[in-house]
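What follows is each chain in one-letter form.
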Amino acid sequence: MARGAHSGKILKPQSIGLIRAGDELKRMSTGIADLDMVLGGGILPGGVVLLAGQPGIGKSTLLLQVTSAIAASQPVLYASGEESAGQVKLRAARLGADSGDDLAFIASTSADDIAATIRSGTYKLVIIDSIQTLSLDEITSAPGTVSQITNSANVIIRAAKSADAAVILVGHVTKEGSIAGPKVLEHLVDVVLQFEGDRYGGFKVVRAIKNRYGSTSEAAIFEMSDNGLQVVENPSAALLAERHNSDGSVVLATLEGNRPILVEIQALVNSTNFGYPKRTASGFDINRLNLLIAVLEKRTKLNLSDKDIYINVVGGLRLQDPAADLAVAMAIASAAAGKRMDDGLVVFGEVGLGGEIRSVTHVDRRIAEAKKLGFTKAIAPKQSKDTFIKGVSDLRHALIDYLKS
Ligand code: TYD
Ligand code: MG
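Residues numbered from 1 in each chain as written. Chains lettered and ligands numbered in written order. Predicted model: local features only at pLDDT ≥ 70, side-chain atom pairs only at ≥ 80, totals over all residues. Heavy atoms only, no water.

Side note on the domain arrangement of the chain
- Parsing the chain into structural domains produces domain 1 (22–233) and domain 2 (237–402).
- The straight-line distance from the C-alpha centre of domain 1 to that of domain 2 is 36 Å.
- Listed by partner, the interface residues are 13 residues for domain 1 and 12 residues for domain 2.
- A combined buried area of about 1100 Å² lies between domain 1 and domain 2, and 46% of that area is made up of carbon and sulfur atoms.
- For the pair domain 1 and domain 2, the number of links is three salt bridges. (Domains from an automatic or database assignment. Contact = heavy atoms within 4.5 Å. Buried area = accessible area lost by both parts, 1.4 Å probe. Salt bridge = Lys/Arg side-chain N within 4 Å of Asp/Glu carboxyl O.)

Some remarks on the layout of surface pockets
- Space inside the largest pocket adds up to approximately 360 Å³.
- Around the largest pocket, the lining comprises 14 residues; the ones closest to its centre are Gly-197, Asp-198, Ser-282, Gly-283 and Arg-318.
- Residue classes in the lining of the largest pocket are distributed as three nonpolar, seven polar and four charged.
- Taken domain by domain, the makeup of the lining of the largest pocket includes at least three residues from each of domain 1 (22–233) and domain 2 (237–402).
- Estimates place the volume of the second largest pocket at around 270 Å³.
- Residue lining of the second largest pocket: 18 residues in total, with Arg-207, Leu-255, Glu-256, Gly-257 and Gln-320 positioned closest to the centre.
- Residue assignment for the lining of the second largest pocket shows that the elements contributing at least two residues are β7 (204–211) and β10 (249–256).
- Top contributing element to the lining of the second largest pocket by residue count: β10, with three residues.
- Across the lining of the second largest pocket, the residue classes tally to four nonpolar, eight polar and six charged.
- When we break the lining of the second largest pocket down by domain, the ones giving at least three residues each are domain 1 (22–233) and domain 2 (237–402). (1 Å grid on protein atoms, 1.4 Å probe; cavity = no way out; pocket = protein on both sides within 12 Å on 5 of 7 lines; lining within 4 Å. Points joined across faces, edges and corners; volume = space filled by probe spheres on them. Nonpolar A, V, L, I, M, F, W, Y, C, P; charged D, E, K, R; others polar. Helix = DSSP H or I, 4+ residues; strand = E, 2+ residues; numbered from the N terminus.)

So, the nonpolar core
- Phe-284, Leu-326, Met-330, Ile-332, Val-346, Phe-348 and Ile-379 are the most contacted members of the largest nonpolar core, which has 63 residues in total.
- Top contributing element to this core by residue count: helix α9 (residues 324–337), with 10 residues.
- Counting contributing residues per domain, this core is built from domain 1 (22–233) and domain 2 (237–402), each supplying no fewer than three.
- Filtering out sequence-adjacent residues up to four positions away, Ile-332 remains in contact with Ala-267, Val-269, Leu-289, Ile-293, Leu-296, Leu-304, Ile-309 and Ile-311. (Core = buried A, V, L, I, M, F, W, Y, C linked by side-chain atoms within 4.5 Å. Buried < 20%, exposed > 50% of the residue type's maximum accessible area, 1.4 Å probe, protein only.)

Side note on the side chain of Ser-80
- Residue position: Ser-80 is located in strand β2 (residues 76–80).
- Polar side-chain contacts of Ser-80 include one of 3.1 Å to the backbone nitrogen of Glu-82. (Polar contact = N/O pair within 3.5 Å; in protein donor to acceptor, adjacent residues only side chain to side chain.)

Observations concerning the packing of helix α4 (residues 111–119) against helix α5 (residues 146–163)
- Two elements in contact, α4 and α5, have axes separated by 8 Å at closest approach and are oriented at 5°. Judged on the interaxial angle alone, α5 and α4 are roughly parallel. Contacts from Ala-111, Ile-114, Ala-115, Ile-118 and Arg-119 of α4 reach α5 at Ser-152, Val-155, Ile-156, Ala-159, Ala-160, Ser-162 and Ala-163.
- The residue inventory of the contact of α4 with α5, partitioned by class, reads nine nonpolar, two polar and one charged. (Axes fitted to C-alpha atoms, helices over the stretch in contact; angles between N-to-C directions. Parallel < 35°, antiparallel > 145°, perpendicular 65-115°, else oblique.)

Details of the site of ligand 1
- Taken together, the neighbourhood of ligand 1 is formed by 16 residues, with Gly-56, Ser-60, Thr-61, Ser-225 and Gly-228 sitting nearest.
- Within the backbone of Ile-57, a nitrogen or oxygen atom sits 3.4 Å from an oxygen atom of ligand 1.
- A distance of 2.5 Å separates an oxygen atom of ligand 1 from a polar side-chain atom of Thr-61.
- For ligand 1, the protein covers 74% of the area, taking 560 Å² as the surface of the free molecule.
- Its residues placed into classes, the shell around ligand 1 shows four nonpolar, eight polar and four charged. (Near = heavy atom within 4 Å. Areas by Shrake-Rupley, 256 points an atom, 1.4 Å probe, with all protein chains shown as cover.)

Some points on the sheet that holds strand β13 (residues 307–313)
- As summarised here, the arrangement of the seven strands in space is β12-β13-β11-β10-β14-β17-β18, forming an open sheet in which the pairing is mixed. With one partner strand each, in any of the chains shown, β12 (279–282) and β18 (389–392) form the two edges of the open sheet. Across this sheet, the average inter-strand angle for adjacent strands is 30°, counted without regard to direction.
- Where β10 lies against strand β14 (residues 345–347), two bridges are found, and the strand directions are parallel. The partner of Leu-252 across the bridge, within β14, is Val-347.
- The sheet strands contacting helix α8 (residues 286–299) are β12 and β13, and the helix crosses β12 at an angle near 130°.
- Its contacts with the sheet put helix α10 (residues 363–372) on β10, β11 (259–271), β14 and β18, and the angle it makes with β11 is roughly 80°. (Pairing = 2+ DSSP bridges.)

Some thoughts on unusual backbone geometry
- In this chain, Asp-129 is followed by Ser-130 through a cis amide linkage whose omega measures 0°.
- Examined against the element boundaries, Ser-130 turns out to sit in the loop between β4 (125–129) and α5.
- Although it is not a glycine, Asp-164 sits at a positive phi angle of roughly 55°.
- Secondary-structure assignment places Asp-164 in the loop between α5 and β5 (166–172).
- Since its relative accessible area comes to 35%, Asp-164 is described here as partly exposed.
- The phi dihedral of His-362 falls on the positive side, at around 55°, and the residue is not glycine.
- As for its position among the elements, His-362 is in the loop between β16 (357–358) and α10.

Thoughts on helix α2 (residues 59–70)
- Its 12 residues place the ends of α2 16 Å apart at the C-alpha level, agreeing with the 16 Å of an ideal helix rising 1.5 Å per residue.
- Counting buried positions along α2 gives 10 out of 12 residues, so the element sits mostly inside the fold.
- Taken together, the buried positions of α2 are occupied by Lys-59, Ser-60, Thr-61, Leu-62, Leu-63, Leu-64, Gln-65, Val-66, Thr-67 and Ile-70. (Expected span 1.5 Å × (residues − 1).)

Rendered as structure tokens:
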């Protein structure tokens, strides 16, 4: 007989109407309104959040700011396996985050000890910086290996749920963008926040790529200052402040989460000196760039086969918006032809393989932002009746109509 055919007990499911919803519990505010929004309204007790990002992007800084805000009303523990108490104290002093009595610090790399501390129920929020430094006694492999990370995370998560404490795990991300070691961490936790951007200046964006308790369409935009991360109140104005319109420069009306942002896209097109033409992109997917170049060559009369092409998204933003296609394509065409675009122009639209311009989401928000910053027209898909939009249906006509000057 198959094992288990007679074992196991009958479960007693509960009527869903009688179950207490998570949201009835009080969420903790991080003290940063935009970040609360990304989290779906703050940090949920018992929730486990993974904050992933490249080394040096500002994860520890952000979490120290958050913990000091929360420690004003609840006991918080900051556990670090990377920095000493002295180092963290120095940073906290710099951030003005060192006054609260309710913010405790421990330097530890033991997942067992930290889990036991969480289970004690003393702390409402526990930060673990970082998950890669933790290890469990019973596992012999080195910290940072897949088995150490997943098993440590599991022990911590169980402790968090049993004590109803919120936990934020810091996870370092490799250059390629995967959370170093196990992707499986993403499945274990409730919320995955991604911290992206340029390490050396520029904007840094926090967005949720998974959220069991909220949407994944919000984003918080920060800039690093001398005293920590500051929310950028008007990103479009900041991004366009240093723009001077020349050939290859196009303003894209994009969205970061639900928020409209105007961002400059720059293209540089040079003759290839020898061998294979070079294509590089900063802030834009290189495969998408190659595809757009192929479409430009096939559907317009532009010859790019002997040209090096460079794309730069100004301000350190990494575009994931399909509506960036048309702006990138027009920037390349503008640079290749040496003709600049009208000053009052913004661009957005998805480009299909046939060279057709496809409709995109949130046209109203994109237009509203462009109007607010003094732009006068948008080259965009023919999907809206607004006269602000100069509708285009294919790439060839977009270039013929708007690159003649
Ligand atoms: P950090 O938060 O340590 O990054 P992570 O934990 O993601 O590795 O720090 C990011 C960088 O920010 C670091 O190079 C120092 C700098 N920084 C500032 O510019 N201003 C500040 O107030 C602080 C605390 C750090
Ligand atoms: Mg750090």
